[in-house]
Each structure stands twice: as C-alpha cells, then as structure tokens.
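Spelled out, the chains give:
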Amino acid sequence: MMIREFRPEDAEAISLFMHTHFLQGVDNIVRSHAPDYYRWKYNETPWGKPAAYVAEYKERLIGLFCVLPRMMLINGKPRRAGETCDAYIAPDFQGKGVFFKLIARAFQAVREQGIDMFYTTANPATYDIWTGPFRFRSVFDYRNLVRPVRFDSIIHEKIHIKPLSTFIGKSFSLSYKLLYPFTRIRSADWEPAAEDQPFFDDLWRKASVHWKHGLIRDGEYMRVRFFSSPENYSIYAASHDGHPLGYAVLKMTLWREMSVGHVVDLLPVKNDPLLIRNILSAAVHSLKAMGAVLISSWAVPGTLLFDQLRRLGFQPRRKVFHLLIGGEIDESGSDSLFEHDTWWYTHGDSDNV
C-alpha cells in the first residue's frame, strides 16, 4: 500500500471511487463529486495548500483524506485552522489502518505550514473516532431543518393522484402561510452579488464584531469558497443606500426527483432577529422562484438563526451533527469557545454542500 499526495490527474479516479463505493443508491447528493470539483477543491488557497492525500493498493485508489486551510476568528482574533474532510476508505480496506496512515500524513503536511488547530463536522458514525483517538472536543451540535414550499408536489410523491394532491396541497399551503408568515426586506435592495465588489469586505468588518468565533467571511473567502467553485451557487446581497445588510448563498439540488433549495450560507450585518428573518425570507422567496419544492438549511439549536428558521416554518430533522475542534487550542482569556451563541455557523462552513 502507498500513501501519497494528491495530483490533479487523480481527480477522475477519486470521482469514480466515490461513485462506486459511497454514492450508489443515494438520492440526496448535495455536492458535486465530479473530477472538476476535486481539482478545484484541492487547489492552492490564500491561506495555504490543502493537505490532500490518497491511498493506493496495486494501482487501485482505496482511500482519501484532506485538510483544507481556513481563516477563522478564535477568541476574536484571526487564526489559520485546518478543516478535515473527505475521509473515505474503500469498504474492503476499512479496519486495516489505512485511515490513520492517511490522517498522519495529512496532519504532518499541514502542520509544516504552521497550522496546528483543526475542526471537523462529524456525523454520529465518526464522532467517536474524532473524540477518541484524536482527542477532538465537541463545541456544539447542529441540525438540518426543512420547510415545505410546494405541498402539492410533495403530497403527489405519496399518493400519485394529481387532483387530490393539488386539493390537499393548497389546504396545507394556506395553513402554513397563516402559521408562518414571511416578511420581506423593506426599503432595501436584494440582488445577485458580484464577485469583485467591496461589499463582502465591508460587510465582514461590520458584522465580525458580533461574534468571537467562526470562519472569516470576507471577500477573499467568498471568492475562494463560492464564486470560484464549479458548483452552481446563487449569491445574493442585501443592502440599503449602499450599506451592506447581509448576504445569502443559495443552491438547488434534486432529491427523489423533487427540486430542493438550500440556504447554504448567510451573514447578517448584526446579530438581530428581524434582520436574520428578513434575509431568510428573501432567500426562501428566491429559492421558490427557482422552483424549489422543499427548502433545507442547517443551524445550531439555541441560536438566533435556528430560532428564526423555526419561526418561518422550518422543521428540524432527527439526525444530529457535531462541530469538533482539535490540536493546539488557545483558550487563554476566554471561556467562550464552547458557548454556541459566541459562534456564527452555517451549513457552508462544512464542505458537504
């Protein structure tokens, strides 16, 4: 077996590896696994070179792991950190130590760049691995929430009788509108954002004072994470008289042949419930115009974002995910690192959308 650094020509093999072993029968794939996606993802960033490694056995790709350099606020100060992602081992090689060898090589490479703090978004299956052998610590849990938009289409998937599904759907839709009314951003512009505008730097300067921890969402981050991506993101900016109010990153995917809209990321200029609600409402209206039948978002329970999603009719699903941090964590002068309301966290902070 050989562990080696990712090469651009590996992208086709990784795409085939993922489709062969992990995507068969999956009907809710929310991010690309095309070769172009991996070539983009493992490219050089302003914050460092991704530590992407593959495992091979007899010229067959059997494993994959990467640490992506990111810039974060930790205790209100900028700090480079590594986001662990793409931890996949072929089923017939699981339990044979391949995973640990990949991680050792990737961690060594990223530490040579001066990155010694890491974070990951773990599911229940990987939680014990990260918190056990690697001693990562749990910061908070986060949940997926969904909101029906076109009830007739959703019901038609169940009963397949168009007149009946339309009648029931309209009844549910009316009830939902009465229970969960939307607001619109008043006296403000809501329009597609341009990559080269200083909007995002200005917004981040004003917004960052409201949280101690989270990814630094400035113009450079938006360019690398969203604008340059081969994924099809729609990025909207909210402003008033030239002053930024916030942004939202949206995306459409398919689930069981239904169009699903995703609120991938958003940032309000201040941690204000009405402003967050207005941005979410505008995002939902935009996704509905794109044809969304169902809308998905992610949030941390107990935060304003979670509360405003609930007020707009988003219902939390059962499955729980976890934000974990590890490595050299500087907690001096602050006990807030493990307080969820000191973070701004969205689904786009992970790589799985």
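Quick notes on the rules
- Residues numbered from 1 in each chain as written.
- Predicted model: local features only at pLDDT ≥ 70, side-chain atom pairs only at ≥ 80, totals over all residues.
- Heavy atoms only, no water.
- Helix = DSSP H or I, 4+ residues; strand = E, 2+ residues; numbered from the N terminus.
- Rg over C-alpha atoms; globule rule 2.2 N^0.38 Å.
- Buried < 20%, exposed > 50% of the residue type's maximum accessible area, 1.4 Å probe, protein only.
- Contact = heavy atoms within 4.5 Å.
- Areas by Shrake-Rupley, 256 points an atom, 1.4 Å probe, with all protein chains shown as cover.
- Lys, Arg positive; Asp, Glu negative; His and termini not counted.
- Charge placed at Lys NZ, Arg CZ, Asp CG, Glu CD.
- Polar contact = N/O pair within 3.5 Å; in protein donor to acceptor, adjacent residues only side chain to side chain.
- Salt bridge = Lys/Arg side-chain N within 4 Å of Asp/Glu carboxyl O.
- Expected span 1.5 Å × (residues − 1).
- Pairing = 2+ DSSP bridges.

Novice: Can you explain the overall build of the protein? Please cite residues and give values.
Specialist: When helices and strands are counted, the protein shows 10 helices and 13 strands. A compact globule built from 353 residues should have a C-alpha radius of gyration of about 20 Å, and the protein, at 21 Å, falls within 12% of that. Expressed along its principal axes, the backbone C-alpha trace of the protein runs to roughly 60 × 50 × 35 Å. Each of the 353 residues in the protein was classed as buried or not, and the buried ones make up 51%. Taking the contacts inside the protein whose residues are at least 6 apart along the sequence as the reference set, 72% of them involve residues at least 24 apart. Surface accessibility of the protein: about 16400 Å² in total, with carbon and sulfur atoms responsible for 52%. Distance from the positive charge centre (43 side chains) to the negative charge centre (40 side chains) of the protein: 6 Å.

Novice: Which residues make up the environment of Asp27, and what are the values?
Specialist: Structurally, the position occupied by Asp27 is in the loop between α1 (11-21) and α2 (35-41). With a relative accessible area of 34%, Asp27 lands in the partly exposed category. Ignoring any residue separated from it by four or fewer positions in sequence, one finds Asp27 in contact with Leu254, Trp255 and Arg256. Within the local environment of Asp27, its side chain forms a polar contact with the side chain of Trp255, the two groups lying 3.4 Å apart.

Novice: Describe the pattern of salt bridges, naming the residues involved and giving the relevant values.
Specialist: Applying the stated rule across the entire model yields 19 salt bridges. Across the pair Glu56 and Arg4 runs a salt bridge whose closest N-O atoms are separated by 3.0 Å. Here Arg4 lies in strand β1 (residues 2-5) and Glu56 lies in strand β2 (residues 51-57), a separation of 52 residues in the sequence. Arg7 is the salt-bridge partner of Glu9, the closest N and O atoms lying 3.3 Å from each other.

Novice: Tell me about the environment of Ser234, and name the residues and values.
Specialist: Structurally, Ser234 is set in strand β9 (residues 233-240). Ser234 sits 18 residues away from Met252 along the chain, and the two C-alpha atoms are 8.9 Å apart. In this view, Ser234 contacts Ala248, Val249, Leu250 and Met290; residues no more than four positions away in its chain are not counted.

Novice: Can you break down helix α9 (residues 273-289) residue by residue, with the values?
Specialist: A rise of 1.5 Å per residue sets the reference length of α9, with its 17 residues, at 24 Å; its end C-alpha atoms lie 24 Å apart and thus fit the reference within 8%. Summarising burial for α9: 12 of the 17 residues are buried, a large majority. Residues Leu275, Ile276, Arg277, Asn278, Ile279, Leu280, Ser281, Ala282, Ala283, Val284, Ser286 and Leu287 constitute the buried set of α9. Where α9 starts, the residue carrying a side-chain oxygen 3.2 Å from the main-chain nitrogen of Leu274 turns out to be Asp272. Of the residues one or two after α9, Gly291 is the one with positive phi, at around 105 degrees.

Novice: Lay out the environment of Ala51 with the relevant residues and their values.
Specialist: Here Ala51 shows up in strand β2. Judged by its relative accessible area of 3%, Ala51 is buried. Sequence separation of Ala51 and Asp241 is 190 residues, and the distance between their C-alpha atoms is 43 Å. In contact with Ala51, other than residues within four places in its own chain, are Phe65, Cys66, Val67, Ala106, Ala109 and Val110.

Novice: Help me get a handle on the pairing of strand β13 (residues 315-327), residues and values and all.
Specialist: Looking at chain direction, strand β5 (residues 117-122) and β13 are connected through 6 bridges and run antiparallel. Among the inter-strand pairings, Ala122 is bridged to a residue of β13, identified as His322. Note that strand β6 (residues 137-148) and β13 share 8 bridges and pair antiparallel. Looking across to β13, one finds that Tyr142 is bridged to Phe321.

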